[in-house]
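# Inside the fold
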Amino acid sequence: MWQDLFESGRLLLPESPSPALPPVESGLPLSAKVLILLSVLLFLLQLRRFFDLAPFLWNSIFRTRGGARLENNYRISHYRNVLAITFLLPAVLLMYHFRLYNPALLAGMEPNLRLLCVAGVLLGYILLRLLLYLWMRPRRRGRDPYQLAGRLSFTFFIDLILLLSATVGVCLIAGVNELTVKNIIYVECVFAYVVYLIRRAQILSLFCNPFRTFLYLCGLEFFPTALLIISAVVL
């Protein structure tokens, strides 16, 4: 009887080997490691300038006049501009490693190519903001509130990258999983963006009425940011 039971059994599993699973991305590609080394080196070279700039960065967050003081100081504003350009590298690395911008289109890409695409998206977003800034610029020239409000984005970008870098460092030391770190980063980005919008609206209101201020924010902020978010969802 037992022999009949075993002889009547059927193998339900496929006899041919299953196809190999796609390789899982582990660690950082060489290009990302090079960018990390380069960004650290560039920051160390500007460390002395950063300490001169730090008080102005802090004041620009909480005081409208803080941004004006920064812009009226040519040396400090130059330091700010150079540091903002330098911080594009850690911004790309944060977006890449934690998949802050992660449309389905990039999911199956080779790591180096995905890093390149993320960098291209960030640069495209910045270029779009710049074109909108130049297109909507009023005819009045000089260091007017419109220019001050536009350059405020450099200052807040530096503050945001410093905040995110400190957050990531603390979370890594504390052993927080990357998904939680990603959610914390999103929360900090939203908070910083809201504060930035409030401060920029206050500056724009110095030369235009509330309705025109809202239109400026729609064109200069809401439109490019909405395109970035929609592209991450649709693509």
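Described below are features of the structure shown in this document. Keep in mind that this is a model prediction, so the values were computed, not measured.

This next bit is on unusual backbone geometry. Most of the time, phi is negative for any residue but glycine, and the peptide bond is trans. Of note, the phi angle at Arg-99 is positive, near 50°, even though the residue is not glycine. In this fold, Arg-99 is placed in the loop between helix H6 (88-97) and helix H7 (111-135). Overall, Arg-99 belongs to the partly exposed group, its relative accessible area being 25%.

Looking now at the environment of Ala-68. Looking at the element boundaries, Ala-68 is found in helix H4 (residues 64-72). By relative accessible area, Ala-68 is classed as partly exposed at 27%. In the structure, Ala-68 is positioned 77 residues away from Pro-145 in sequence and 8.8 Å away in space, judged by C-alpha atoms.

Between its first and last C-alpha, helix H9 (residues 178-204) extends 38 Å over 27 residues, near the 39 Å set by a 1.5 Å rise per residue. For H9, the side-chain oxygen to backbone nitrogen distance between the N-cap and Leu-179 is 3.2 Å, and the N-cap itself is Asn-177.

This brings us to the pattern of salt bridges. A complete count under the given rule lists 5 salt bridges for this structure. Here the salt bridges do not stand alone but share partners, grouping Glu-71, Arg-80 and Arg-151 into one network.

Cut-off values and rules
Think of each chain on its own: its residues are numbered from 1, step by step along the sequence as written. Confidence filtering applies because this is a predicted model: local features only for residues at pLDDT of at least 70, side-chain atom pairs given and counted only at 80 or more, and all residues used for totals across whole chains, interfaces and linings. Values shown for side chains rest on all heavy atoms present in the structure; no hydrogens or waters enter the calculation. In DSSP terms, a helix is any run of H or I states spanning at least four residues, a strand is any run of E spanning at least two, and both are numbered starting from the N terminus. Residue exposure (1.4 Å probe, protein chains only): buried if accessible area is under 20% of the type maximum, exposed if over 50%, otherwise partly exposed. In a helix, the anticipated span is given by 1.5 Å times the number of residues less one. We call two N or O atoms a polar contact when they sit within 3.5 Å, provided that within protein one can donate a hydrogen and the other can accept it, with sequence-adjacent residues counted only if both atoms are side-chain atoms. The rule for a salt bridge is simple: a side-chain nitrogen of Lys or Arg has to be within 4 Å of a carboxyl oxygen of Asp or Glu.

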